[in-house]
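Understanding the architecture of this molecule
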Amino acid sequence: MTLSRIMEHHRHASRDPSVSVPEEALMTSSNKELENWDLNIMGLTDERPLPGLFTYPPFPDTGEHFPVRIKHIRTPNEIVLCPAVESASVADSEGLDAALKRVNEEVHSLPLLTDFSSEAPCLAKYSDGKYYRAKLLKIENFNPVKVLVRHVDYGSDDSLTTDCLREIPVELLQYPCQGIEVKVAGIRPPEVDDEEQRLSYKPEWSLKSIIEMMDLLHGKQLTASVLSTEPEITAHLYDEDEMLVLLPLVDKGLADLM
């Protein structure tokens, strides 16, 4: 059956008698052997196993207080932390460090990254010259090509050229991510804020607010309490005295209570 007849049958087209070609005039092959396709796909398939996605450690139940380590601060109410309660997490961290050290010793033998889909896992070169686990966020620039990645064990973002990204060995995917993104409950950007210097990536927050927050968190024994896990993990953050650690930001007018 011809393509035009198929389209006509499914009502995607109608016949125009003025341009219709008699079926007997259509060219057909008299060699029936040509109809027996024997496609050779050798060399077209990739035998390497497809990498999976990163996994995350189990999070404590809602309402439970647990110690945490702060890995990264994006804004006063967006942080990256790691629960400090599970002995398995410590073992995972130590195993990951050893595995990364081995991989970095021969990192230049790993293929450059070719899969640039969102959330794809990879190894990304950091400013210290070493490669760490990361996931792709988006392509930021095309000339030259630059890709925004997030270091999944630390929470920081980096914009890198493709020669700084390599395929991740499957063995590095067995370790849960050491950084979990958490929304800090209880505060929001202030409605009135006279600070001129703003965070370029979150201009609703002032630069002073995040500097002040770093000072508040530095050297503290912190605990968290999960309020919800959907659509994102939201938690309260407490200091040693079980006080909300970010209340001083509100007192100084750098944040508002929610």
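What comes next concerns the included structure. From a predicted model like this one, the values you see are computed outputs, not experimental measurements.

Let's talk about the sheet that holds strand β6 (residues 157-161)
The pairing of strands in a sheet happens through backbone hydrogen bonds and is either parallel or antiparallel. Strand order in the open sheet formed by 5 strands is β6-β5-β4-β3-β7, and the pairing between neighbours is antiparallel. Both outer strands of the open sheet, β6 and β7 (165-166), are each paired with one neighbouring strand and no more. Relative to β6, strand β5 (residues 145-151) runs antiparallel, the two being bridged by 5 bridges. Bridge assignment links V149 to a residue of β6, and that residue is D158.

Points about the nonpolar core
Judged by nonpolar contacts, the single largest core of 27 residues is most densely connected at F59, I79, V182, L237, L246 and L249. Elements that contribute at least two residues to this core include exactly β1 (65-75), β2 (78-83), β8 (180-184), α3 (207-217), β12 (222-228) and β13 (234-238). Apart from the residues lying within four places of it in its own chain, the contact partners of V182 are F59, N77, E78, I79, L81, I233 and A235. Residues F54, V107, V152 and I168 belong to the second largest nonpolar core, which totals 16 residues.

Some details on the sheet that holds β12
Taken together, the 5 strands give a closed barrel; going around it, the order is β1-β2-β8-β13-β12, and neighbouring strands pair in mixed fashion. For this sheet the average axis-to-axis angle between neighbouring strands, irrespective of direction, equals 55°. Summarising the sheet, β1 and β2 pair through 6 bridges and their orientation is antiparallel. When the sheet's bridge partners are listed, I73 is paired in β2 with I79.

Observations concerning the side chain of R133
By secondary structure assignment, the location of R133 is in strand β4 (residues 131-142). Overall, the relative accessible area of 1% leaves R133 in the buried class. At a separation of 2.6 Å, a polar atom in the side chain of R133 contacts the main-chain carbonyl oxygen of L172. A distance of 2.8 Å separates a polar atom in the side chain of R133 from the backbone oxygen of Y175.

Quick look at the environment of E181
By the element assignment, E181 lies in strand β8. Classification of E181 as partly exposed rests on a relative accessible area of 36%. The sequence separation of E181 and I233 amounts to 52 residues, and the corresponding C-alpha distance is 7.3 Å. In contact with E181, other than residues within four places in its own chain, are R74, I79, V80, K135, R150 and I233. A distance of 3.0 Å separates the side chain of E181 from the side chain of R150, its partner in a polar contact.

Details of the pattern of salt bridges
A full pass over the atoms with the stated rule returns 12 salt bridges. Residues K135 and E119 are paired through a salt bridge, measuring 3.3 Å at the closest nitrogen-oxygen approach. Taken as a pair, K135 in strand β4 and E119 in the loop between α2 (87-105) and β3 (121-125) lie far apart in primary sequence, 16 residues in all. Several salt bridges converge on common partners, so that one network encompasses R74, R150, D157 and E181.

Here's the deal with the packing of aromatic side chains
Summed over all chains, the structure comprises 3 aromatic pairs. Consider the rings of F59 and F66, whose centres lie 5.4 Å apart with planes at 80°: the pair is edge-to-face. The pair F59 / F66 is uniform in exposure class, with both members buried. Ring geometry for Y126 against Y132: centres 6.0 Å apart, planes inclined by 90°, an arrangement best described as edge-to-face. Among the residues examined, Y126 registers a relative accessible area of 38% and is labelled partly exposed. Site record: aromatic cluster; members linked through ring pairs are Y126, Y132 and Y154.

Definitions and cut-offs
Residues numbered from 1 in each chain as written. Predicted model: local features only at pLDDT ≥ 70, side-chain atom pairs only at ≥ 80, totals over all residues. Heavy atoms only, no water. Pairing = 2+ DSSP bridges. Helix = DSSP H or I, 4+ residues; strand = E, 2+ residues; numbered from the N terminus. Core = buried A, V, L, I, M, F, W, Y, C linked by side-chain atoms within 4.5 Å. Buried < 20%, exposed > 50% of the residue type's maximum accessible area, 1.4 Å probe, protein only. Contact = heavy atoms within 4.5 Å. Axes fitted to C-alpha atoms, helices over the stretch in contact; angles between N-to-C directions. Polar contact = N/O pair within 3.5 Å; in protein donor to acceptor, adjacent residues only side chain to side chain. Salt bridge = Lys/Arg side-chain N within 4 Å of Asp/Glu carboxyl O. Phe/Tyr/Trp six-rings, centres within 6.5 Å; stacked < 30°, edge-to-face > 60°.

Function-wise, these values are silent; they only describe arrangement.
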